[in-house]
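Listed below are the residues making up each chain.
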Amino acid sequence: MTLRLPKGRRGTLAAAGLALLTAAGCSQPSSYAMPDQVCGISVGTDALRPLLPSGERLGAEPVDLGGGSSVCKVSVDKKPALYLKADLVPSDTDPVQVRRRELDRYGHPAAIDVGDQGRVADSGALAADHCRRQGEDRKVVVEAHVPGDLPEDVPQRREDLSRFIGTYLPAVQKSLGCAG
């Protein structure tokens, strides 16, 4: 699966990661400023806040995995806190089947009503929906994973992941210029 950013978005992705790091540098001693964007995608603080641990310094690193595939690594106090991935794939791709192993590792995946294919698990979520772009029918696939130990309230984590992925998918679609 590959994320192909429109011209000009590649630099924006790196700048947004840097902006997130810069905002973190202005944080209070015991907490960081909660951004409403992560690696150039507007997700809102309400969707992002429940997925991130407390700490003093927030960082984000957009990473090009080659072949156009991109992820965003979010850290708190230099410890991994959230991994995000977004891909633009052929419209006949079944992302749930392609990412089945990862979903199983995230723990107990279940269908959710996000996009045309959504799944939430104990520590991650995936969603996909159509994208008509430049006259081509494609599919946008987004994934979020919270590394580390599970919280005591796993059902709440699953709700938080569902809400986040429901916000993240349309924001990525918009950033890619998807129509209809």
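Residues numbered from 1 in each chain as written. Predicted model: local features only at pLDDT ≥ 70, side-chain atom pairs only at ≥ 80, totals over all residues. Heavy atoms only, no water.

Caption draft 1: Representation of the pattern of salt bridges in the model. Going through the model one piece at a time under the given rule, you end up with eight salt bridges. With a closest N to O distance of 3.6 Å, Glu102 and Arg99 form a salt bridge. Residue Glu143 pairs with Arg99 through a salt bridge whose shortest N-O separation is 2.8 Å. Taken together, the residues Glu143 in strand E9 (residues 136-145) and Arg99 in the loop between helix H3 (95-98) and helix H4 (100-106) connect sequence positions 44 residues apart. Here the two residues Glu143 and Arg99 agree in accessibility, since each one is buried. Among the charged side chains, a salt-bridge network with shared partners connects Arg99, Glu102, Arg105 and Glu143. (Salt bridge = Lys/Arg side-chain N within 4 Å of Asp/Glu carboxyl O. Helix = DSSP H or I, 4+ residues; strand = E, 2+ residues; numbered from the N terminus. Buried < 20%, exposed > 50% of the residue type's maximum accessible area, 1.4 Å probe, protein only.)

Caption draft 2: Region of the structure containing the packing of aromatic side chains. Tallying each qualifying case throughout the model produces one aromatic pair. Taking the centre distance of 5.4 Å and the plane angle of 20° together, the rings of Phe164 and Tyr168 count as stacked. Here the residue Phe164 and the residue Tyr168 both occupy positions in helix H5 (residues 154-175), the gap between them amounting to four residues, near one helical turn. (Phe/Tyr/Trp six-rings, centres within 6.5 Å; stacked < 30°, edge-to-face > 60°.)

Caption draft 3: Inspection of unusual backbone geometry at higher detail. Notably, Asp77 is not glycine yet its phi reads approximately 55°, a positive angle. With respect to the helices, strands and loops of the structure, Asp77 is situated in the loop between strand E4 (70-76) and strand E5 (79-90). Unusually for a residue other than glycine, Lys78 sits at a positive phi of about 65°. Looking at the element boundaries, Lys78 is found in the loop between E4 and E5.

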